[in-house]
Amino acid sequence: MGMIDSTNTEAKRRAAEASFPDQWIVADQQTAGRGRQDRAWLSPVGNIYATALFREPGGIGTALRIPFACALAVSDVVLRFAPQADVRLKWPNDVRIHRRKVSGILVETGGAESAFWVAAGIGINVRVTPDNVTQPATSILDLGADPAITAEAALLALTEAFSQRLRQCRAGFAETRKDWLALAEALGESVSVRAGEDWIEGIFEDLEADGALRLRLPDGSRRSIRAGEVEIRGS
């Protein structure tokens, strides 16, 4: 542990080496934490900042499922320490409780063929809810966990949950998809999706077999979104 610029940035540095073991990179605090689209991720002491760096024999096909596995692993951790929490997953991998984010997930990949690697960065607010964030936030402590909860205990739970969820998604997407849909936020509701420069409105109808968001548009047609930012009314 200790201070680092970013666990994902360190993972990419290590991945550039000719050979590296599968590993977790963990910090007490980050000075340049990153989220999706290079958004800053605030990193106060008392929370989890970790990246799982590993070779992925399934290549990009499996890697595309890993953001969903990460979200499920985080939900497993939250529910282990705060079992009454109403955890919901906003596509593709935001873990939220009453529309407040408890984590940040950034999955990056590189290499080719046998050298293909994944850096799955996961930050979880364990004891501290960050201030001055772009979205409302919460922490496991705020959700009713034992006041003695520590980042170390939550990290151990995360490594166990991630290992299980990674095995699940490597076996195929069906079970991961089923578990993700059971916690999906706004399923069956109207959402807006920013895809590039466009905003698309429709009913969040389903999760496709490849993880795409399926929308039913106002004219009755359907569209699958594979990259974008979801906005839910009232959030």
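Up top is the structure these notes are about.
Report on the accompanying structure. Keep in mind the model is a prediction, meaning the values are calculated, not measured. (Residues numbered from 1 in each chain as written. Predicted model: local features only at pLDDT ≥ 70, side-chain atom pairs only at ≥ 80, totals over all residues. Heavy atoms only, no water.)

### Re the overall build of the protein
Phase 1: The secondary structure content of the protein amounts to 5 helices and 14 strands.
Phase 2: In terms of C-alpha radius of gyration, the protein reaches 17 Å, essentially the compact-globule figure of 18 Å for 235 residues.
Phase 3: The principal-axis extents of the C-alpha atoms in the protein amount to approximately 55 × 45 × 30 Å.
Phase 4: Taking as baseline every contact in the protein between residues at least 6 positions apart, the subset at least 24 positions apart corresponds to 62%.
Phase 5: Distance between charge centroids for the protein: 2 Å, based on 28 positive and 31 negative side chains. (Helix = DSSP H or I, 4+ residues; strand = E, 2+ residues; numbered from the N terminus. Rg over C-alpha atoms; globule rule 2.2 N^0.38 Å. Contact = heavy atoms within 4.5 Å. Lys, Arg positive; Asp, Glu negative; His and termini not counted. Charge placed at Lys NZ, Arg CZ, Asp CG, Glu CD.)

### Side note on the pattern of salt bridges
Side chains that differ in sign of charge can pair as their charged atoms come close.
Phase 1: For the coordinates displayed, the defined rule picks out 21 salt bridges.
Phase 2: Between Arg 170 and Glu 56 there is a salt bridge, and its shortest N-O distance comes to 2.8 Å. With a gap of 114 residues between them, Arg 170 in helix α4 (residues 151-170) and Glu 56 in the loop between β4 (48-55) and α2 (59-63) connect regions that are remote in the sequence.
Phase 3: What makes Arg 170 partly exposed here is its relative accessible area of 36%.
Phase 4: For Glu 56, a relative accessible area of 2% corresponds to the buried category.
Phase 5: For Asp 206, the salt bridge identified is with Arg 177, shortest N-O distance 3.0 Å. One end of the pair, Asp 206, is in strand β11 (residues 198-207); the other, Arg 177, is in helix α5 (residues 174-182), with 29 residues separating them in the sequence.
Phase 6: For Asp 206, a relative accessible area of 17% gives the class buried. (Salt bridge = Lys/Arg side-chain N within 4 Å of Asp/Glu carboxyl O. Buried < 20%, exposed > 50% of the residue type's maximum accessible area, 1.4 Å probe, protein only.)

### A short note on the pairing of strand β5 (residues 87-90)
Phase 1: In terms of strand pairing, β5 meets strand β6 (residues 94-97) through 4 bridges, oriented antiparallel. Along β6, the bridge assignment pairs Val 87 with Ile 97.
Phase 2: If you look at the hairpin formed by β5 and β6, you'll find 3 residues sitting between the two strands. (Pairing = 2+ DSSP bridges.)

### A closer look at the environment of Ala 145
Phase 1: Note on placement: Ala 145 falls in the loop between β9 (117-124) and α4.
Phase 2: When the C-alpha positions of Ala 145 and Arg 127 are compared, they lie 9.2 Å apart, and in sequence the two are 18 residues distant.
Phase 3: Dropping the residues within four chain positions of it, Ala 145 is found in contact with Phe 81, Ala 82 and Ile 140.

### A few points about the side chain of Glu 56
Phase 1: In this structure the side chain of Glu 56 is engaged in a polar contact, spanning 2.8 Å, whose partner is the backbone nitrogen of Gly 58.
Phase 2: With residues up to four places along the chain from it excluded, the contact list for Glu 56 reads Thr 62, Ile 66, Phe 116, Trp 117, Val 118, Leu 166 and Arg 170. (Polar contact = N/O pair within 3.5 Å; in protein donor to acceptor, adjacent residues only side chain to side chain.)

### Some words on α5
Phase 1: The complete set of buried residues in α5 reads Thr 176, Trp 180 and Leu 181. Buried residues along α5 cover an arc of 130 degrees about the axis, so they all sit on one side. Exposed and oriented more than 90 degrees from the buried face of α5 are Ala 174 and Ala 182.
Phase 2: Its buried side turned inward, α5 meets α3 (66-81), β5, α4 and β11. (Arc of directions from axis to C-beta.)

### Focus on the sheet that holds strand β12 (residues 213-216)
Phase 1: The 5 strands are arranged β13-β12-β11-β10-β14 in an open sheet whose pairing can be described as antiparallel. Because the sheet does not close on itself, it has two edges, and the strands there are β13 (222-225) and β14 (229-232). The average angle at which neighbouring strand axes cross in this sheet is 45 degrees, direction not considered.
Phase 2: The pairing of β11 with β12 spans 4 bridges and is antiparallel. When the bridges of β12 are listed, Ile 203 appears paired with Arg 216. (Axes fitted to C-alpha atoms, helices over the stretch in contact; angles between N-to-C directions.)

### Brief notes about the packing of α3 against α4
Phase 1: It is the contact of α3 with α4, at a shortest axis distance of 8 Å, that shows an interaxial angle of 140 degrees. Our classification of the angle between α3 and α4 gives oblique. Two packed elements cross with a definite hand, and for α3 against α4 that hand is right-handed. Packed against α3, whose contacting residues are Ile 66, Ala 69, Cys 70, Leu 72, Ala 73, Asp 76, Val 77, Arg 80 and Phe 81, the element α4 presents Ala 153, Ala 154, Ala 157, Leu 158, Glu 160, Ala 161, Phe 162, Arg 165, Leu 166, Gln 168 and Cys 169 at the interface.
Phase 2: Classifying every residue of the contact of α3 with α4 by side-chain character gives 15 nonpolar, 1 polar and 4 charged. (Parallel < 35°, antiparallel > 145°, perpendicular 65-115°, else oblique. Left-handed = near helix turned anticlockwise from the far one by under 90°. Nonpolar A, V, L, I, M, F, W, Y, C, P; charged D, E, K, R; others polar.)

Spatial relationships are all this shows, so hold off on functional conclusions.
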